[in-house]
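Observations on the three-dimensional arrangement
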Amino acid sequence: MFITFEGIEGCGKTTQIGLMGDFLGTKGLPYIITREPGGTGIGDEVRRILLSPENQEMRPGTELFLYMASRAQHVADVIEPALMDKKIVLCDRFSDATIAYQGYARGFDIVLVKELNQLATSGLTPDITILLDCPVEIGLKRAMARASAASGREGEDRLEMEGISFHQKVREGYLKVAAEEDMRVVVIDGTKDRDIVHEEICKTVLSRI
C-alpha cells in the first residue's frame, strides 16, 4: 500500500508520518518512510538545490523539472521496489505537491503538470493521501520555529521564504485536489492536538488496509 502525506509548510505531516510508522511497527506491518524531494542519493542532492535559499534566482521551469527528476529516481529506486516487497510506503509529499506548488501556486498548466507526473511516476498513484490542512499563518509560524530551532536562524528553506499569498495558493490548490479526488484524498484538520490527528489517521489507514 502506498500512502502519501501532503500539506503546506508546517502542517505537521512529517511528525505524523513518524507516528504512523511507529504504529505500523506495533502491528507487525512492514513499512518504509521516505520523502520528496529526496529519498535517494540523487534525490537528496536535488533537494539541497531546490530548498537552498542561495538559489533564489531559480526559474519556475527549472524548479518543476527538478522535482520531476527527483520523483522519477525515487519511484524507480525506492517506492516501486518496496511495494513489490509488500511493504507499506509512507511518503512525505508526492505528485499532489507538484500540482499544488508548481501548478496552482507557480501558475503552470495543471494538465501539463499531471502529464509530467504520469511520466515521472510511470503512472503510480497513491492508494491513500492524507492532507493535513491548516491556515497558512499557523503553518508558517510552525515552520519558522522549526527552522530556527534546527539551525539557529530562521528562513532556511527557499520555499518557506515565499510570501503569504504563495502559500495561500498552495493551500487552495491542495483543497481543490482533495475535492476532485475525495475517494483518495482524506482531509484532516492539522490544527488539532497531535495525538488526536494521529488517531484520525490511524482509523483512516486501518479501514483501508
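Residues numbered from 1 in each chain as written. Predicted model: local features only at pLDDT ≥ 70, side-chain atom pairs only at ≥ 80, totals over all residues. Heavy atoms only, no water.

What follows covers the pairing of strand β2 (residues 31-35). Of the two faces of β2, only the one carrying Ile32 and Thr34 is buried; Tyr31, Ile33 and Arg35 on the other face are not. Taken together, the five bridges between β2 and strand β3 (residues 88-92) define a ladder with parallel strand orientation. By the bridge assignment for β3, Tyr31 is matched with Ile88. (Buried < 20%, exposed > 50% of the residue type's maximum accessible area, 1.4 Å probe, protein only. Helix = DSSP H or I, 4+ residues; strand = E, 2+ residues; numbered from the N terminus. Pairing = 2+ DSSP bridges.)

Counting residues in hydrophobic clusters, the biggest one holds 47 residues, and the most contacted among them are Met20, Ile130 and Ile201. Not counting residues within four places of it along the chain, the set of residues in contact with Ile130 comprises Ile3, Thr4, Phe5, Glu6, Val186, Ile188, Ile201 and Thr204. If you look at the next biggest cluster of nonpolar residues, it comprises ten residues, including Val75, Ile79, Ala82 and Cys91. (Core = buried A, V, L, I, M, F, W, Y, C linked by side-chain atoms within 4.5 Å. Contact = heavy atoms within 4.5 Å.)

Turning our attention to the pairing of β3. Among the five residues that make up β3, five are buried, leaving the element largely enclosed by the rest of the structure. Pairing geometry for strand β1 (residues 2-6) and β3, over four bridges, is parallel. Bridging across to β3, Phe2 finds its partner in Val89.

Looking at the element boundaries, Arg171 is found in helix α7 (residues 164-180). The exposure class assigned to Arg171 is buried, which follows from its relative accessible area of 19%. Residues within four places of Arg171 in sequence aside, it is in contact with Ile8, Asp133, Cys134, Pro135 and Val136.

So, on to empty space enclosed by the protein. Under the definition given, this model contains one cavity of 30 Å³ or more. Empty space within the largest cavity amounts to approximately 30 Å³. As for the largest cavity, its lining consists of Glu6, Asp96, Thr129, Leu131, Tyr174, Val177, Ala178 and Val185. Put simply, the parts of the chain that give the lining of the largest cavity at least two residues each are β4 (128-133) and α7. With three residues, α7 is the largest single contributor of residues to the lining of the largest cavity. (1 Å grid on protein atoms, 1.4 Å probe; cavity = no way out; pocket = protein on both sides within 12 Å on 5 of 7 lines; lining within 4 Å. Points joined across faces, edges and corners; volume = space filled by probe spheres on them.)

As a further point, take the environment of Gly173. Along the chain, the position of Gly173 falls in helix α7. A relative accessible area of 1% places Gly173 in the buried class.

Before going further, it helps to spend a moment on the layout of surface pockets. The computed volume of the largest pocket comes to approximately 920 Å³. Residue lining of the largest pocket: 41 residues in total, with Lys13, Thr14, Arg47, Arg146 and Glu160 positioned closest to the centre. Elements with a contribution of two residues or more to the lining of the largest pocket: α1 (13-26), β2, α2 (41-51), α3 (60-84), α4 (95-105), α6 (136-151) and α8 (194-206). Residue classes in the lining of the largest pocket are distributed as 16 nonpolar, nine polar and 16 charged. Computed from the structure, the second largest pocket encloses a volume of approximately 170 Å³. In terms of lining residues, the second largest pocket is bounded by Ser95, Asp96, Ile99, Lys114, Asn117, Gln118, Thr121, Leu124, Thr125, Pro126, Glu181 and Arg184. (Nonpolar A, V, L, I, M, F, W, Y, C, P; charged D, E, K, R; others polar.)

As a packed pair, α2 and α3 sit with axes 9 Å apart at the nearest point and diverge in direction by 160 degrees. Here α3 runs roughly antiparallel to α2, going by the angle between their axes. The interaxial crossing formed by α2 with α3 has left-handed handedness. Between α2, through Ile42, Gly43, Val46, Ile49, Leu50 and Leu51, and α3, the contact on the second element is made entirely by Glu63, Leu66, Tyr67, Ser70 and Gln73. Tallied by class, the residues present in the contact of α2 with α3 amount to seven nonpolar, three polar and one charged. (Axes fitted to C-alpha atoms, helices over the stretch in contact; angles between N-to-C directions. Parallel < 35°, antiparallel > 145°, perpendicular 65-115°, else oblique. Left-handed = near helix turned anticlockwise from the far one by under 90°.)

A few words now on α1. Taking 1.5 Å of rise per residue, the 14 residues of α1 would be expected to cover 20 Å, and the 20 Å separating its terminal C-alpha atoms lies within 8% of that figure. Residues of α1 that are buried include every one of Lys13, Gln16, Ile17, Leu19, Met20, Gly21, Phe23 and Leu24, and no others. Looking at the buried positions of α1, the neighbouring elements they touch are β1, β2, β3, β4 and α8. Count one or two residues on from α1 and you reach Gly28, which has phi positive near 75 degrees. (Expected span 1.5 Å × (residues − 1).)

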